[in-house]
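Summary of the model geometry
So you can see what is in the structure, the chains are spelled out below.
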Amino acid sequence: MKKQLLIITTCILLHPIVFAQLTLEEIQRKARENYPLVQQYELVEKTKEHDLSNANKGYLPQLLLSGKASYQSDVTKIPVTIPGIEVSSLSKDQYQVVLELNQTLWDGGETRAKKEMIKQSSEVEKQKIEVELYNLRERVNQLFFGAILLEEHVKLNRLLQDELENNYNKVKTLTRNGMANQADIDAIRVEQLKSEQRNTELSAALDAYKQMLSIFIGEEITPETRLIKPEIVLADFHYINNRAELRLFDVQDQLYDNTRRSIHSVSLPKIGLFTQGGYGNPGLNMLKDSFQPYFIGGMRLTWNISGLYTRDNNLKQLDVNKQKTDIQRNTFLFNTNLQISQQQNEIKKMQRMIASDDEIIQLRRNIKEATRIKMENGIVSATDLIREINAENMAVQEKIVHGIQLLINIESLKTTTNN
């Protein structure tokens, strides 16, 4: 029973620790899901479905109901008089109601081109959303690594406070033995107060960064939440460019191709079946002055030749737009490749600097320990020791900064190439 209680107690204690952790990938995923712009994906998809449904209705039979009442100044007459036969003339007021049914057999590919344009236009809108979400990833990266850097500085500052506390106690002992004075104690105490102020500044800044990250992901990140620093994986860092802008340019090219087909299809003839049912005076028998039903059926060919007037200009304008897209693509690739090259060079530089940081820290630590021994022997003052402590602390801070900068550059390169 005691063993079971121990296991349950351990699980309860560990539960907050296990779940109070967040990786960069988790934060990016949650930020993307919580970002209001993502909701436009669903709207774009619904719009595409409605437009495609309307386009498909172009193949359905089309009904047209029309009516007409007219009065004309003259009517058709037979200019022949036959003895004993009276031929009445038509009425000058005429009435007609017609219901016409049309069924398209071939529309020159216009409906098919229209449906493809709807699909490609939807993809263009989605890729534009992806391009805008690229900025979200950059902003999240900045906040995440800013918080990571602040956390490292907080840890380092606590170590500095512990070391200052130990040296403060040692100097007090030396003072009682006559090997140091009150000025040495005051000098260390000043550094302790500065370290406490530094801790207040760092903690406040860290809380602000976590609060901003909380807003992005839509859930609270408490001060106790641990942000998991990504591991540095040795690689050549040569990524394939998978940016959403490139897919946007490709989809725009496909849209231009479909638009070209649509322009050609509009200027082609259309073939369909039709039937008319009507009731009017006169009917099909123009010589019968009375209301009568009638119907007509057959095949119809229509050709709007006026579409040929503007076709060439429309195609030329389309070519101009495609050339603009090509220029935008080339400009984007030029700037992105330049940015990738700079980031790769920064990564190599940070790797070289980190390689020498450990040696610098060890040398600073040796100098600090030698200065401490000198102070304990009354050769140097506490001020000299504080200077060396700060120098070692600064060397450690520089290593931390270099490590975070290396992570930032690696993640920036992955973001630039969308990997």
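What counts and how
Residues numbered from 1 in each chain as written. Predicted model: local features only at pLDDT ≥ 70, side-chain atom pairs only at ≥ 80, totals over all residues. Heavy atoms only, no water. Buried < 20%, exposed > 50% of the residue type's maximum accessible area, 1.4 Å probe, protein only. Helix = DSSP H or I, 4+ residues; strand = E, 2+ residues; numbered from the N terminus. Contact = heavy atoms within 4.5 Å. Pairing = 2+ DSSP bridges. Axes fitted to C-alpha atoms, helices over the stretch in contact; angles between N-to-C directions. Parallel < 35°, antiparallel > 145°, perpendicular 65-115°, else oblique. Left-handed = near helix turned anticlockwise from the far one by under 90°. Nonpolar A, V, L, I, M, F, W, Y, C, P; charged D, E, K, R; others polar. Phe/Tyr/Trp six-rings, centres within 6.5 Å; stacked < 30°, edge-to-face > 60°. Lys NZ or Arg CZ within 6 Å of the ring centre and 35° of its normal. Patch = residues over 30% accessible without salt bridge, like charges linked within 9 Å, V, L, I, M, F, W, Y side chains within 5 Å. Areas by Shrake-Rupley, 256 points an atom, 1.4 Å probe, with all protein chains shown as cover. Salt bridge = Lys/Arg side-chain N within 4 Å of Asp/Glu carboxyl O. pLDDT = per-residue confidence, 0-100.

**Some points on helix H2 (residues 24-34)**
Within H2 the residues assigned to the buried category are Leu 24, Ile 27, Gln 28, Lys 30 and Ala 31. Tucked inside the fold, the buried residues of H2 contact strand S1 (21-22), helix H4 (110-176), helix H5 (182-217), strand S4 (226-227) and helix H8 (382-417).

**Side note on the sheet that holds strand S3 (residues 93-106)**
The strand order across the open sheet formed by four strands is S2-S3-S5-S6, and the pairing between neighbours is antiparallel. Single-partner strands in this sheet number two, and they are strand S2 (62-71) and strand S6 (292-302). The mean inter-strand angle of the sheet, taken between neighbouring strand axes irrespective of direction, is 20°. In terms of strand pairing, strand S5 (residues 270-281) meets S6 through eleven bridges, oriented antiparallel. Residue pairing for S6: Thr 275 is matched across the bridge by Gly 297.

**So, the packing of H4 against H5**
Viewed as axis vectors pointing N to C, H4 and H5 meet at an angle of 160°, and their least axial separation amounts to 8 Å. Regarding the angle of H4 to H5, the classification is roughly antiparallel. The interaxial crossing formed by H4 with H5 has left-handed handedness. Taken together, the residues that form the contact of H4 with H5 break down as 20 nonpolar, eleven polar and eleven charged.

**Quick look at the packing of aromatic side chains**
This structure, assessed with the given rule, holds four aromatic pairs. For the ring pair Phe 144 and Phe 145, a centre distance of 5.4 Å and an interplane angle of 85° mean the geometry is edge-to-face. The ring of Tyr 134 has Arg 243 sitting right over it, with the charged end atom 3.8 Å from the ring centre. Sitting above the plane of the Phe 274 ring, Arg 300 keeps its charged end 4.2 Å from the centroid.

**Concerning a nonpolar patch on the surface**
Where nonpolar side chains cluster on the molecular surface, the patch consists of Leu 63, Leu 65, Val 97, Leu 99 and Leu 101 and spans about 480 Å² of accessible area. Considering each element in turn, the nonpolar patch owes the most residues, three residues, to S3. Relative to the elements of secondary structure, Leu 101 occurs in strand S3. Leu 101 sits in the partly exposed class, given a relative accessible area of 33%.

**Structural notes on the packing of H2 against H4**
Contact pair H2 / H4: the axes reach a minimum separation of 10 Å and the direction vectors enclose 135°. In terms of orientation, H2 and H4 fall into the oblique class. Crossing of H2 against H4: the hand is right-handed. Of the residues in H4, those in contact with Leu 24, Ile 27, Gln 28, Ala 31 and Arg 32 of H2 are Glu 130, Leu 133, Leu 136, Arg 137, Val 140, Asn 141, Phe 144 and Phe 145. Residues of the contact of H2 with H4, tallied by class, amount to eight nonpolar, two polar and three charged.

**Some thoughts on the confidence of the model for the protein chain**
Within the protein chain, residue pLDDT values average 84, and 92% of them lie at 70 or more. Predicted confidence in the protein chain is weakest over helix H1 (residues 2-19), with a mean pLDDT of 45, and strongest over H5, with 91. Within the model, the stretch residues 1-19 combines pLDDT values under 50 with zero contacts to residues more than four positions away or in other chains.

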